[in-house]
Amino acid sequence: MGYELQVIGVRKVFRPEDGRAPLVALERFDLAIEKGEFVCILGPSGCGKSTLLNIVAGFLVPTEGQVILDGVEVTGSGRDRGVVFQEHALFPWFRVWQNVEFGPKMAGVNPAERARIADRYLDLVGLGAFRAAFPKELSGGMKQRVAIARALANDPKILLMDEPFGSLDAQTRRLMQDELTKIWTATGKTILFVTHSIEESLLLADRVVVMTARPGRIKTVLPAPLTRPRSDVAPDFVALKAELQGLLKDEIEAGGEARPTTGNNPGRQTL
């Protein structure tokens, strides 16, 4: 074991071009994640969770600080980071297998190997029978499973997930949480997962990183040493949920934003 990801002294300031005052989104953010760990980022709306994920993904450049992935500084996007967003972003004109093969194809992988990779990950997410379907023929949960398979097809070192189940109904969301836990167990991938659902963070994570209101800092990191599969009515789960609610209360009031949900259907907010 060792640190797969290190976020060191990251600060992010957005400077509007219309002359408005600069917006400090992240301030002195430090986080280290071990290889194979599942970490959830939780905090009030607008606290910088998605900004942090985009910096790790290489889509945004930090104003200060650095991100180190497996000993190498992140200076842009790359295949070593798989990203899954709230919206699946599949190519509608491609069939499922073509969507999953896309990354390896762009990397120059030969057709036979691309087909093997696509079949492997579609079987892993339970969609082998739908490999020839178009995205429009799939349910919301199935589309997100394809998006996860597509991210894994590049064999990334870390999977970055920005509220990937936020637009799903409560029942589908719960099924997807179970499915993701199985995928994580099978692949051993490091996962950094953004959510504003207290319950979701505890169902999934080894550790929950609680952020302050903007500018986003780490308020605390709460271990979640719960036996898997997890039950949201187990006494230890309920106790941790109450602790998280208490930790977030002051930040929610300070930020003046909507309260993070404690359930499995928090809506479609982008945080």
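Residues numbered from 1 in each chain as written. Predicted model: local features only at pLDDT ≥ 70, side-chain atom pairs only at ≥ 80, totals over all residues. Heavy atoms only, no water.

## Some remarks on the sheet that holds strand β4 (residues 64-69)
Overall, antiparallel pairing links the four strands, which are arranged β2-β1-β4-β5 in an open sheet. This sheet does not close on itself; its edge strands, each paired only once, are β2 (23-34) and β5 (72-73). In the sheet, strand β1 (residues 3-14) pairs with β2 via eight bridges, with the strands oriented antiparallel. Looking at the pairing, V7 lines up with L31 of β2. (Pairing = 2+ DSSP bridges. Helix = DSSP H or I, 4+ residues; strand = E, 2+ residues; numbered from the N terminus.)

## Description of unusual backbone geometry
Between R214 and P215 the backbone carries a cis peptide bond, its omega angle lying at 0 degrees. Here P215 is to be found in the loop between β9 (207-211) and β10 (218-223). Residue R228 is joined to P229 through a cis peptide bond whose omega torsion reads -5 degrees. Tracing the chain through its elements places P229 in the loop between β10 and α7 (235-255). Positive phi values are uncommon outside glycine, yet R28 reaches one of about 50 degrees. Among the secondary structure elements, R28 is positioned in strand β2. Note on R28: relative accessible area 55%, which makes it exposed. The backbone of E163 shows a phi angle near 45 degrees, a positive value even though the residue is not glycine. Residue placement: E163 occurs in the loop between β7 (158-162) and α5 (170-187). On the basis of relative accessible area, E163 is assigned to the buried category, the value being 4%. (Buried < 20%, exposed > 50% of the residue type's maximum accessible area, 1.4 Å probe, protein only.)

## Description of helix α2 (residues 96-106)
Among the residues making up α2, those that are buried are V96, N99, V100, E101, G103 and P104. For α2, the elements touching its buried residues are α3 (111-124) and α4 (140-152). Backbone geometry just downstream of α2 places G108 in the positive-phi region, at approximately 85 degrees. (Contact = heavy atoms within 4.5 Å.)

## As for the layout of surface pockets
Once rolled over the atoms, a probe with the size of a water molecule shows which space is left empty. In this structure, the largest pocket occupies an estimated 460 Å³ of space. In this structure, the largest pocket is lined by 20 residues; those nearest its centre are R81, G82, V83, R150 and N154. For the lining of the largest pocket, the secondary-structure elements that each account for two or more residues are β6 (81-84), α2 and α4. Per element, the largest residue contribution to the lining of the largest pocket is four residues, and it comes from β6. Here the lining of the largest pocket is built from residues that sort into eleven nonpolar, six polar and three charged. (1 Å grid on protein atoms, 1.4 Å probe; cavity = no way out; pocket = protein on both sides within 12 Å on 5 of 7 lines; lining within 4 Å. Points joined across faces, edges and corners; volume = space filled by probe spheres on them. Nonpolar A, V, L, I, M, F, W, Y, C, P; charged D, E, K, R; others polar.)

## As for the pattern of salt bridges
Enumeration over the complete set of coordinates arrives at 16 salt bridges. The salt bridge partner of E64 is R11, with a shortest N-O separation of 3.7 Å. Of this pair, E64 sits in strand β4 while R11 sits in strand β1; the two residues are 53 residues apart in sequence, bridging distant segments of the chain. What makes R11 partly exposed here is its relative accessible area of 21%. Connected through shared salt-bridge partners, R11, E27 and E64 make up one network. (Salt bridge = Lys/Arg side-chain N within 4 Å of Asp/Glu carboxyl O.)

## Regarding the side chain of R230
As for its position among the elements, R230 is in the loop between β10 and α7. Of the side chains with opposite charge, D206 lies nearest to the buried R230, which makes no salt bridge, at 4.7 Å. Ignoring sequence-local partners within four residues, the contact set of R230 consists of R174, L202, L203, L204, A205 and A224. (Lys, Arg positive; Asp, Glu negative; His and termini not counted.)

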